[in-house]
Structures are given as structure tokens and as C-alpha cells.
There are 2 protein chains.
Amino acid sequence: MKNLEEKTIREETIFKGRVVSLAVADVRLPNGETGKRELVRHPGAVAIIPLTHDGKIVMVEQYRKPLEKTVVEIPAGKMEQGEQREKTALRELEEETGYKASGLDLLTSFYTAPGFADEILHIFVAKGLRQQKNSLALDEDEFINVIEVTLEEAKQLIEEESICDAKTMYAIQYLELQHLKEESN
Amino acid sequence: MKNLEEKTIREETIFKGRVVSLAVADVRLPNGETGKRELVRHPGAVAIIPLTHDGKIVMVEQYRKPLEKTVVEIPAGKMEQGEQREKTALRELEEETGYKASGLDLLTSFYTAPGFADEILHIFVAKGLRQQKNSLALDEDEFINVIEVTLEEAKQLIEEESICDAKTMYAIQYLELQHLKEESN
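Residues numbered from 1 in each chain as written. Chains lettered and ligands numbered in written order. Predicted model: local features only at pLDDT ≥ 70, side-chain atom pairs only at ≥ 80, totals over all residues. Heavy atoms only, no water.

A few words now on the sheet that holds strand β9 (residues 120–131) of chain B. Residue and element names in this part refer to chain B. An order of β7-β4-β9-β8 is seen for the four strands of this open sheet, with the pairing classed as mixed. Where the open sheet ends on each side, the last strands, each with one partner, are β7 (76–78) and β8 (99–111). Averaged over all neighbouring strand pairs, the angle between strand axes comes to 25 degrees, with direction disregarded. Note: strand β4 (residues 45–50) against β9, six bridges, orientation parallel. For Ala 45, the partnering residue across the bridge sits in β9 and is Leu 121. With respect to the sheet, helix α1 (residues 85–97) is in contact with β4, β7, β8 and β9, its orientation differing from that of β8 by roughly 120 degrees. (Pairing = 2+ DSSP bridges. Helix = DSSP H or I, 4+ residues; strand = E, 2+ residues; numbered from the N terminus. Axes fitted to C-alpha atoms, helices over the stretch in contact; angles between N-to-C directions. Contact = heavy atoms within 4.5 Å.)

Here is the structure:
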């Protein structure tokens, strides 16, 4: 196999924000020429598939400014500096939905947009949910409706394009696959 | 349901690049307060699941500078201004793998990173592949190895973390689901 690595010659930071930063790198291409790469840096995130005792999925409805649209997603949140991803997952689940989970299994991790961003997303399945009495502990700029849906209802929300992001569609497909595996056993 | 919309008060463009642009918006939050949103803008992209006559998946190995890693993905590419997404898909498939497809079905579309970016990705399944004699027509800064793998080999590449991005893992899970559906019929 050819070596495809692109070594950085020089990198300029354009922006450092609260969520992302942006840099432009001059790189040495595999053929010896130079090229430019735009690099969005993100701290990484977790997402949770919270399953209730009666088999429903707990989801959050929120406005996503980049899309100019209110969408339904599985709960998710950015990793905090130095925080274990399991801890982030339990924290975000409770903050966004009011549920504590007794168990958490890592389903998978993937890069969301490898062409321009380094965001990695860790997806957990959360079981043993217990609803807390206190209200949600949302960030001051976070506004959310919590809903609980069946797998069939989630598939309907995909049809209606209310569910329309990669992690949530991956999660629904995963649950469909699990359902089919259980049926065929 | 509460109205969760965040209206833009003011928006500043920070960067306009070849792949992405970046803006920061001051928004009116649902509670009347103001907040800031970082918005990465992207022209959108297509990805293709190319299936050969003998049931293999055609994939591309390339270096992803944001990840500092060589990874295996399904073929994909940015949409060009004014180009139909089916045309983009057929063009990218041929440029990156040397295959022409006789048929193309839209599997789904999703936003890859709705928390900070507006990139939408349209995923097509391509069948009726015919290998072209001429060599690949890659962009001048694009370097790719083409590989053909079975579904089992693709799952092994996920285990090894060579396949590690959302669209490709969604695609593999889709093929697994299709395989299971066919078996149970």
C-alpha cells in the first residue's frame, strides 16, 4: 500500500471558540507537492441511547442553529476537559432527560465528519433508568423537550425528517438490527 | 410543545475557505436572553455504497488530515454548486474508484454534526458496476487506495478501527440489516 500521510508544514489558528476551533494547515502531499487543509477541532462528544423498562427510547427535541430547525435526537453532549466519557454520558443523560441510569454499555465510537472535523462521538446504551424528581439541569443556553417513543414511532420521525442526524439514525438502525436478531433467535 | 427557535440578531463571518466557512451568530434564546452560536457551513456531500456483482463493497483508503490517520471509507465527495446529488454521486464514484454504476438508489440523508455544522450527507446504493479502463480521475490533492471487501471483512475493519466514521459505519450496519432481513425471509 502507498503511504498516504500528509505531514504538516505550517499551521495557522484562525478561530478559537467555545465549541470549535478552526485552523488552516499547509501540508506535504504524498506526491511531494503542497496542499491546504481546513481543520475544525472539537473536544469530542458522547451520545446515549436511553431505553426505558417498557422498551421506549428517551429522546430530546431541540433547536439546532446550524440547521435552522427543531429536531429530535438521542441525548448528547460535549466532553469536558479531563472527564471520563462514561461520566459525561451519565451527566448529560440526567441533565437533559432527568433520568439516572444504572448501567451503561459502549456501543461504538465514530468520527462524525472526517473530511473537515476531528469530532469523535462515543455512543452508549443506557439501561436501568430511574426518573429523578428534580427538574432538568440544562445549560443556561439549552432548551429541550423530552419525549419517549417506541422504535416504530422513531422510524416515523425519520420519515417526517424530525430525526435527521447521523448518530440518531445510526442508533435507530442499531435498535432495528437488535430487534430483528432477537426475532430470528 | 414549547417554541424552541433561536432567531439571529447578528452574524459575523470569521472565515471563508475552500471546504468550510465559519460564522458566529448572536441569537435570541427561547427565554428572551441572548446567546452565541458557532456555525460551520459546508456545501453538503454525497456518499456511495458501491456493491459489485459478487457482493463486495468498494471502499477507499485515504489520509484524513483532521484525524491524522489513514482510514477506510465508502466513496464520498462534496457537492458542487448547482450539481444534482445523483450526478455528484456518479461522478465521485467514477473519479475515486474507476467504477461506473448503472443504477443509484437514495438510501437516506442525514446531518453529520448538527451541534456545530450544517453538512448534510446523502447516501446512495450503487449497483450494476462496470470498471472503466482509464485510471482514476482524482483531484490534484487527493490520494486514494481502492479496496473491495466482503461484509465480514468490513466488520473486521471496524474492529481494527480502520473504518471509523459515521457514514461508513451506518452503511455497514445497513448492509448487515439487509442481510439479516433476507435470511429471515
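Still to come is the rest of the account.
All names here are of chain A. Counting buried positions along strand β2 (residues 21–28) gives seven out of eight residues, so the element sits mostly inside the fold. Adjacent in sequence and paired antiparallel, strand β1 (residues 7–16) and β2 are bridged by four residues. Alignment of β2 against strand β3 (residues 34–41), held across eight bridges, turns out to be antiparallel. What sits directly across from Leu 22, in β3, is Val 40. Hairpin connection, β2 to β3: the antiparallel pair is bridged by five residues, and Gly 32 has positive phi, about 95 degrees. (Buried < 20%, exposed > 50% of the residue type's maximum accessible area, 1.4 Å probe, protein only.)

Below, the discussion takes up the domain arrangement of chain A. Residues and elements named next belong to chain A. Each assigned domain of chain A is listed with its residue range as follows: domain 1 (7–41) and domain 2 (45–184). Distance between the C-alpha centres of domain 1 and domain 2: 31 Å. Listed per partner, the contact involves six residues of domain 1 and five residues of domain 2. Here domain 1 and domain 2 share one salt bridge between them. Between Asp 141 and Arg 18 there is a salt bridge, and its shortest N-O distance comes to 3.0 Å. Run the count over domain 1 and domain 2 and you get three residue pairs in polar contact (both at pLDDT 80 or more). For the side of domain 1 that touches domain 2, the per-class residue count stands at three nonpolar, no polar and three charged. (Domains from an automatic or database assignment. Salt bridge = Lys/Arg side-chain N within 4 Å of Asp/Glu carboxyl O. Polar contact = N/O pair within 3.5 Å; in protein donor to acceptor, adjacent residues only side chain to side chain. Nonpolar A, V, L, I, M, F, W, Y, C, P; charged D, E, K, R; others polar.)

A word on helix α2 (residues 151–159) of chain B. Residues and elements named next belong to chain B. Turning to α2, its buried residues number three or more, namely Leu 151, Ala 154 and Leu 157. Considered in projection along α2, the buried side chains sweep an arc of 110 degrees and stay on one side of the axis. Exposed residues pointing more than 90 degrees away from the buried face of α2 are listed as Glu 152 and Glu 159. As for α2, its buried residues are in contact with β5 (57–64), β6 (69–73), β10 (145–149) and α3 (166–183). (Arc of directions from axis to C-beta.)

Bringing the environment of Lys 167 of chain B into the picture now. Here Lys 167 of chain B lies in helix α3. Residues Lys 167 of chain B and Ile 74 of chain B, spaced 93 residues apart in sequence, show a C-alpha to C-alpha distance of 7.8 Å. Discounting chain neighbours no more than four positions away, the residues touching Lys 167 of chain B are Pro 114 of chain A together with Ala 47, Arg 64, Glu 73, Ile 74, Ala 76, Phe 110, Leu 121 and Ile 123 of chain B. Only 2.6 Å separates the side chain of Lys 167 of chain B from the side chain of Glu 73 of chain B, close enough to count as a polar contact.

What follows deals with the packing of α2 of chain B against α3 of chain B. Residues and elements named next belong to chain B. Remark: α2 packs on α3, axes separated minimally by 11 Å, with the N-to-C direction vectors making an angle of 140 degrees. The orientation of α2 with respect to α3, classified from their angle, is oblique. Handedness of the α2/α3 crossing: left-handed. Touching Leu 151, Ala 154, Lys 155 and Ile 158 of α2 are Met 169, Ile 172, Leu 175, Glu 176 and His 179, all from α3. Looking at side-chain class alone, the contact of α2 with α3 contains six nonpolar, one polar and two charged residues. (Parallel < 35°, antiparallel > 145°, perpendicular 65-115°, else oblique. Left-handed = near helix turned anticlockwise from the far one by under 90°.)

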